[in-house]
Amino acid sequence: MICPECGYNDSKVIDSRPAESKIRRRRECLKCTGRFTTYEIIEDIPIMVVKKDGTLEPFDSRKLIERMFRATAKRPVKLKTIENVVDSIQAHFKNNFQREVTSDKIGEMVLRKLKEIDRVAYVRFASVYREFDDIESFVKIISELQGENDN
Ligand SMILES: [Zn+2]
(Lines give C-alpha, C1' and ligand atoms only; values in the text may rest on other atoms or scores of the structure.)
Protein backbone atom coordinates (compact mmCIF):
# COMPACT_ATOMS: atom_id res chain seq x y z
CA MET A 1 0.00 0.00 0.00
CA ILE A 2 1.54 3.25 -1.14
CA CYS A 3 1.23 6.32 1.04
CA PRO A 4 -0.87 8.95 -0.75
CA GLU A 5 1.16 11.70 0.95
CA CYS A 6 4.77 10.75 0.25
CA GLY A 7 4.55 7.69 -1.95
CA TYR A 8 6.42 5.43 0.47
CA ASN A 9 5.45 1.78 0.02
CA ASP A 10 5.31 0.53 3.59
CA SER A 11 2.75 1.21 6.25
CA LYS A 12 1.44 -0.31 9.43
CA VAL A 13 -2.15 -1.22 10.08
CA ILE A 14 -3.63 0.61 13.03
CA ASP A 15 -7.20 -0.56 12.69
CA SER A 16 -9.13 -3.17 10.66
CA ARG A 17 -12.82 -3.71 10.45
CA PRO A 18 -15.07 -5.55 8.04
CA ALA A 19 -17.09 -3.42 5.62
CA GLU A 20 -19.43 -5.64 3.59
CA SER A 21 -17.26 -7.91 1.46
CA LYS A 22 -14.23 -5.75 2.13
CA ILE A 23 -11.96 -4.95 5.01
CA ARG A 24 -11.51 -1.31 5.90
CA ARG A 25 -8.04 -0.62 7.25
CA ARG A 26 -6.58 2.49 8.77
CA ARG A 27 -2.91 2.62 7.92
CA GLU A 28 -0.03 4.76 9.00
CA CYS A 29 2.88 5.47 6.69
CA LEU A 30 6.18 4.27 8.18
CA LYS A 31 8.01 7.26 6.69
CA CYS A 32 5.88 10.38 7.09
CA THR A 33 3.39 8.90 9.62
CA GLY A 34 0.53 10.15 7.45
CA ARG A 35 -2.67 8.18 7.95
CA PHE A 36 -4.88 6.83 5.22
CA THR A 37 -7.71 4.34 4.74
CA THR A 38 -7.74 1.37 2.40
CA TYR A 39 -10.55 -0.98 1.44
CA GLU A 40 -9.24 -4.43 0.72
CA ILE A 41 -11.27 -7.13 -0.89
CA ILE A 42 -11.38 -10.36 1.10
CA GLU A 43 -10.19 -13.03 -1.26
CA ASP A 44 -12.64 -15.82 -1.70
CA ILE A 45 -10.36 -18.80 -1.15
CA PRO A 46 -12.10 -21.99 -2.29
CA ILE A 47 -12.80 -24.75 0.20
CA MET A 48 -11.01 -27.91 -0.87
CA VAL A 49 -12.71 -31.27 -0.63
CA VAL A 50 -10.62 -34.34 0.18
CA LYS A 51 -12.22 -37.20 -1.69
CA LYS A 52 -12.30 -40.85 -0.63
CA ASP A 53 -9.29 -41.65 -2.82
CA GLY A 54 -7.31 -38.84 -1.17
CA THR A 55 -7.41 -36.43 -4.12
CA LEU A 56 -8.47 -32.82 -3.72
CA GLU A 57 -11.03 -30.83 -5.63
CA PRO A 58 -12.58 -27.42 -4.97
CA PHE A 59 -15.92 -27.47 -3.19
CA ASP A 60 -18.54 -27.21 -5.91
CA SER A 61 -21.90 -26.08 -4.56
CA ARG A 62 -23.63 -26.70 -7.90
CA LYS A 63 -22.49 -30.31 -7.92
CA LEU A 64 -23.78 -30.83 -4.38
CA ILE A 65 -27.11 -29.20 -5.25
CA GLU A 66 -27.42 -31.57 -8.24
CA ARG A 67 -26.74 -34.62 -6.11
CA MET A 68 -29.30 -33.56 -3.53
CA PHE A 69 -31.76 -32.67 -6.28
CA ARG A 70 -31.47 -36.22 -7.64
CA ALA A 71 -32.10 -37.68 -4.20
CA THR A 72 -35.21 -35.53 -3.79
CA ALA A 73 -36.67 -36.30 -7.25
CA LYS A 74 -40.50 -36.40 -7.13
CA ARG A 75 -40.42 -35.58 -3.44
CA PRO A 76 -42.10 -32.48 -1.99
CA VAL A 77 -38.77 -30.70 -1.49
CA LYS A 78 -38.24 -27.24 -2.92
CA LEU A 79 -35.07 -26.33 -4.78
CA LYS A 80 -34.76 -23.35 -2.43
CA THR A 81 -34.60 -25.75 0.54
CA ILE A 82 -31.75 -27.65 -1.11
CA GLU A 83 -29.91 -24.43 -1.91
CA ASN A 84 -30.28 -23.31 1.70
CA VAL A 85 -28.77 -26.57 2.95
CA VAL A 86 -25.79 -26.24 0.61
CA ASP A 87 -25.36 -22.57 1.55
CA SER A 88 -25.41 -23.36 5.25
CA ILE A 89 -22.84 -26.15 4.82
CA GLN A 90 -20.55 -23.85 2.86
CA ALA A 91 -21.02 -21.03 5.38
CA HIS A 92 -20.20 -23.42 8.21
CA PHE A 93 -16.74 -24.15 6.78
CA LYS A 94 -16.10 -20.53 5.88
CA ASN A 95 -17.05 -19.28 9.33
CA ASN A 96 -14.68 -21.79 10.87
CA PHE A 97 -11.94 -20.83 8.42
CA GLN A 98 -11.84 -24.44 7.36
CA ARG A 99 -10.10 -24.68 4.02
CA GLU A 100 -10.03 -28.44 3.71
CA VAL A 101 -12.85 -30.81 4.41
CA THR A 102 -13.41 -34.48 3.64
CA SER A 103 -16.19 -35.57 1.29
CA ASP A 104 -17.32 -37.86 4.13
CA LYS A 105 -17.90 -34.90 6.42
CA ILE A 106 -19.95 -33.10 3.75
CA GLY A 107 -21.98 -36.26 3.08
CA GLU A 108 -22.77 -36.69 6.77
CA MET A 109 -23.82 -33.04 7.07
CA VAL A 110 -26.15 -33.40 4.07
CA LEU A 111 -27.62 -36.58 5.56
CA ARG A 112 -28.29 -34.91 8.90
CA LYS A 113 -30.22 -32.15 7.11
CA LEU A 114 -32.06 -34.49 4.75
CA LYS A 115 -33.24 -36.60 7.65
CA GLU A 116 -35.19 -33.58 8.91
CA ILE A 117 -36.39 -32.54 5.46
CA ASP A 118 -37.46 -35.76 3.75
CA ARG A 119 -36.77 -39.33 4.81
CA VAL A 120 -37.13 -40.88 1.38
CA ALA A 121 -34.53 -38.44 0.04
CA TYR A 122 -32.40 -39.26 3.06
CA VAL A 123 -32.38 -42.98 2.27
CA ARG A 124 -31.72 -42.32 -1.41
CA PHE A 125 -28.83 -39.98 -0.70
CA ALA A 126 -27.35 -42.39 1.85
CA SER A 127 -27.57 -45.28 -0.61
CA VAL A 128 -25.52 -43.39 -3.21
CA TYR A 129 -23.15 -41.70 -0.82
CA ARG A 130 -22.46 -44.75 1.36
CA GLU A 131 -22.42 -46.97 -1.72
CA PHE A 132 -25.06 -49.45 -0.61
CA ASP A 133 -24.60 -52.59 -2.66
CA ASP A 134 -27.05 -54.91 -0.99
CA ILE A 135 -30.60 -54.96 0.33
CA GLU A 136 -29.37 -55.38 3.91
CA SER A 137 -27.94 -51.84 3.90
CA PHE A 138 -31.37 -50.46 2.99
CA VAL A 139 -33.09 -52.60 5.57
CA LYS A 140 -30.64 -51.40 8.20
CA ILE A 141 -31.03 -47.66 7.52
CA ILE A 142 -34.81 -47.94 7.28
CA SER A 143 -35.09 -49.86 10.51
CA GLU A 144 -32.90 -47.20 12.13
CA LEU A 145 -35.40 -44.57 10.97
CA GLN A 146 -38.30 -46.63 12.22
CA GLY A 147 -36.56 -47.09 15.55
CA GLU A 148 -36.24 -43.33 15.88
CA ASN A 149 -39.94 -42.89 15.10
CA ASP A 150 -40.90 -45.18 17.96
CA ASN A 151 -39.07 -43.06 20.50
ZN1 LIG B 1 4.05 8.76 3.79
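Residues numbered from 1 in each chain as written. Predicted model: local features only at pLDDT ≥ 70, side-chain atom pairs only at ≥ 80, totals over all residues. Heavy atoms only, no water.

### A closer look at the sheet that holds strand β2 (residues 22–29)
- Taken in spatial order, the three strands line up as β1-β2-β3 in an open sheet, and their pairing is antiparallel. Edge positions in the sheet fall to β1 (11–19) and β3 (35–41), since each of these pairs with one other strand and no more. Between one strand axis and the next, the sheet turns by 25 degrees as a mean value, whatever way the strands run.
- The pairing of β1 with β2 spans eight bridges and is classified as antiparallel. Opposite S11, over in β2, you have C29 as the bridge partner. (Pairing = 2+ DSSP bridges. Helix = DSSP H or I, 4+ residues; strand = E, 2+ residues; numbered from the N terminus. Axes fitted to C-alpha atoms, helices over the stretch in contact; angles between N-to-C directions.)

### A short note on the pattern of salt bridges
- Taken as a whole and judged by the stated rule, the model has 10 salt bridges.
- Among the salt bridges present, the one from R35 reaches E28, with a minimum N-O distance of 2.8 Å.
- Its relative accessible area of 51% is what places R35 among the exposed residues.
- Residue K51 is joined to E57 by a salt bridge in which the shortest nitrogen-to-oxygen separation is 3.5 Å.
- Residue class for K51 comes out partly exposed when judged on its relative accessible area of 31%. (Salt bridge = Lys/Arg side-chain N within 4 Å of Asp/Glu carboxyl O. Buried < 20%, exposed > 50% of the residue type's maximum accessible area, 1.4 Å probe, protein only.)

### Some details on helix α1 (residues 61–71)
- Considered for burial, the residues of α1 that qualify are L64, I65, M68 and A71. Each buried residue of α1 lies within a common arc of 120 degrees when the element is viewed along its axis, so the set occupies one face. In α1, the exposed residues that point more than 90 degrees away from the buried face are R62 and R70.
- Against α2 (79–95), α3 (103–117) and α4 (119–129) lie the buried residues of α1.
- One side-chain oxygen at the N-terminal end of α1 lies 3.1 Å from the backbone nitrogen of R62; it belongs to D60. (Arc of directions from axis to C-beta. Contact = heavy atoms within 4.5 Å. Polar contact = N/O pair within 3.5 Å; in protein donor to acceptor, adjacent residues only side chain to side chain.)

### Brief notes about the side chain of R27
- Topologically, R27 is positioned in strand β2.
- Of note is the side chain of R27, whose polar atom sits 3.4 Å from the side chain of T38.
- When residues no more than four places from it in sequence are discounted, the contact partners of R27 are M1, S11, K12, V13, I14, G34, R35, F36, T38 and E40.

### Concerning α3
- Compared with the 21 Å implied by 1.5 Å per residue over 15 residues, the 21 Å span of α3 between its first and last C-alpha is a close match.
- Those residues of α3 that are buried are in contact with β4 (48–50), α1, α2, β6 (100–102) and α4. (Expected span 1.5 Å × (residues − 1).)

### Examining the sheet that holds β4
- Spatially, β5-β4-β6 is the arrangement adopted by the three strands of the open sheet, whose pairing is mixed. Two strands bound the open sheet, and with one partner strand each, they are β5 (56–58) and β6. Across the sheet, the mean angle from the axis of one strand to that of its neighbour is 35 degrees, orientation sign disregarded.
- As judged from the three bridges shared by β4 and β6, these two strands associate in the parallel manner. Pairing of V50 across the sheet is with T102, part of β6.

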